[in-house]
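Chain by chain, the residues:
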Amino acid sequence: MPPITTKERRWLKQQAHHLKPVVMLGQHGLTEAVMREIELALSHHELIKTKIAAGDREERDKIIAAITQETHAELVQRVGNTASFYRHNPDKAQPLTLPAS
């Protein structure tokens, strides 16, 4: 899937604004169990918000990079300890329809 465009990213930010974090990372960081939960959430919702309450900014950046790399998701937005991710799921009954570029 091609990277999301600026217009699509802006639309996804609007959609993610009202979401509550579905996955929260704590002191143990990015464990295998947390990655499984993120995979499940992305498959089910396509657009998710996560709360990363571990370490300093540099540590959170590494965690976000690892999530995007391992799940093949796009980072939509990051604000403080919260990051939103998007991954298209064509098998979903009603996938998110991104605006036309």
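Residues numbered from 1 in each chain as written. Predicted model: local features only at pLDDT ≥ 70, side-chain atom pairs only at ≥ 80, totals over all residues. Heavy atoms only, no water.

### Thoughts on the overall build of the protein
Put simply, the test is: Here a strand is any run of E in DSSP of at least two residues, a helix any run of H or I of at least four, and the numbering for each starts at the N terminus. The buried label applies to any residue whose accessible area, calculated with a 1.4 Å probe on protein chains only, is under 20% of its type's maximum; exposed applies above 50%, and partly exposed to all values in between. In what follows, a contact means two residues having at least one pair of non-hydrogen atoms within 4.5 Å. Only the protein chains shown count as covering a residue, and every accessible area follows the Shrake-Rupley method with a 1.4 Å probe. Positive charge is attributed to Lys and Arg, negative charge to Asp and Glu, and no charge count is given to His or to the chain ends. To locate a charge, take NZ of a lysine, CZ of an arginine, CG of an aspartate or CD of a glutamate.
A count of helices and strands for the protein gives three helices and four strands. Here the C-alpha coordinates of the protein stretch approximately 40 × 25 × 25 Å along the principal axes. For the protein, buried positions account for 35% of its 101 residues. Contacts in the protein between residues far apart in sequence, at least 24 positions, make up 67% of those at least 6 positions apart. Total accessible area computed for the protein in this model is approximately 6500 Å², and 51% of it derives from carbon and sulfur atoms. Of the charged side chains in the protein, 14 are positive and 12 negative, and the gap between their average positions amounts to 9 Å.

### Section: the pattern of salt bridges
For clarity, the threshold we go by: We define a salt bridge as a side-chain nitrogen of Lys or Arg found within 4 Å of a carboxyl oxygen belonging to Asp or Glu.
Applying the stated rule across the entire model yields five salt bridges. The salt bridge partner of Glu74 is Arg9, with a shortest N-O separation of 3.8 Å. Taken together, the residues Glu74 in strand 3 (residues 74–79) and Arg9 in helix 1 (residues 6–17) connect sequence positions 65 residues apart. Notably, a salt bridge pairs Glu32 with Arg36, separated by 3.4 Å at the nearest N-O pair. Of this pair, Glu32 and Arg36 both sit in helix 2 (residues 32–45), four residues apart, which is roughly one turn of that helix.

On their own, these measurements won't tell you what the molecule is for.
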